[in-house]
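These are the residues of each chain, in order.
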Amino acid sequence: MNDQKRLLIVDDEETLTYSLYQSFILAKHDYEVVTASSGEEASTKLKEKNYDLVITDISMPGMSGLELLTNIKQDYPGTEVIIMTAYGSPEKKEEAFNSGAKYYVEKPFEIKEIKQMVMDILG
Ligand SMILES: [Mg+2]
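Calculation criteria
- Residues numbered from 1 in each chain as written.
- Predicted model: local features only at pLDDT ≥ 70, side-chain atom pairs only at ≥ 80, totals over all residues.
- Heavy atoms only, no water.
- Pairing = 2+ DSSP bridges.
- Helix = DSSP H or I, 4+ residues; strand = E, 2+ residues; numbered from the N terminus.
- Axes fitted to C-alpha atoms, helices over the stretch in contact; angles between N-to-C directions.
- Contact = heavy atoms within 4.5 Å.
- Donors = N, O, S within 2.8 Å, 3.2 Å for Na, K, Ca; no water.
- Buried < 20%, exposed > 50% of the residue type's maximum accessible area, 1.4 Å probe, protein only.
- Phe/Tyr/Trp six-rings, centres within 6.5 Å; stacked < 30°, edge-to-face > 60°.

Caption draft 1: View of the sheet that holds strand β2 (residues 31-36). Across the sheet, which stays open at both edges, the five strands sit in the order β2-β1-β3-β4-β5 with parallel pairing between neighbours. At either margin of the open sheet sits one strand with a lone partner, and together these are β2 and β5 (103-106). Averaged over all adjacent pairs, the angle separating strand axes in this sheet is 15°, with direction ignored. As paired strands, strand β1 (residues 5-10) and strand β3 (residues 53-57) are joined by four bridges and run parallel to one another. Looking at the pairing, Leu7 lines up with Leu53 of β3. The sheet strands contacting helix α1 (residues 14-26) are β1, β2, β3 and β4 (80-85), and the helix crosses β2 at an angle near 175°. Along the sheet face, helix α3 (residues 65-75) touches β1, β3 and β4 and points at about 175° away from the line of β4.

Here it is in structure tokens:
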């Protein structure tokens, strides 16, 4: 039975996508983990495969994470989204939840916080 969950991590800071990627690969979760460094790259990957969960930064060159979130909820309503940002504000948090984000987390965060959210969503 192949019920491997797919997780897409999107951030222009590649050290962050890499450390999240490593932490999910090394953990004993059977997740397929893919990374993208922009909203545009993420959109291309979303067209190629279904993802159960997308974790995205807000501030990136080009498409923002909030735009990506809106597109995901329109095109792939079953895909959950976690928003992360180093430039949080109550307005952004509200916009993220109004746009359908499951969780919103401000950087810097501990990897275990994100892991808990991911396990809550993906099991
Ligand atoms: Mg960024």
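Caption draft 2: Fine view of the coordination of the magnesium ion. Bound to the magnesium ion on the protein side are Asp12 (OD), Asp57 (OD) and Ser59 (O), at distances that span 2.0 to 2.2 Å. All donor residues of the magnesium ion come from one chain, and their arrangement in sequence is D-x44-D-x1-S. With a relative accessible area of 30%, Ser59 lands in the partly exposed category.

Caption draft 3: View of the packing of aromatic side chains. With the rule as written, the count across this model stands at two aromatic pairs. On the numbers, 6.4 Å between centres and 55° between planes, the contact of Phe24 with Tyr31 is tilted. Both residues of the pair, Phe24 and Tyr31, count as buried. Here the aromatic rings of Phe97 and Tyr104 are separated by 6.4 Å at their centres, their planes lie at 50°, and the arrangement is tilted.

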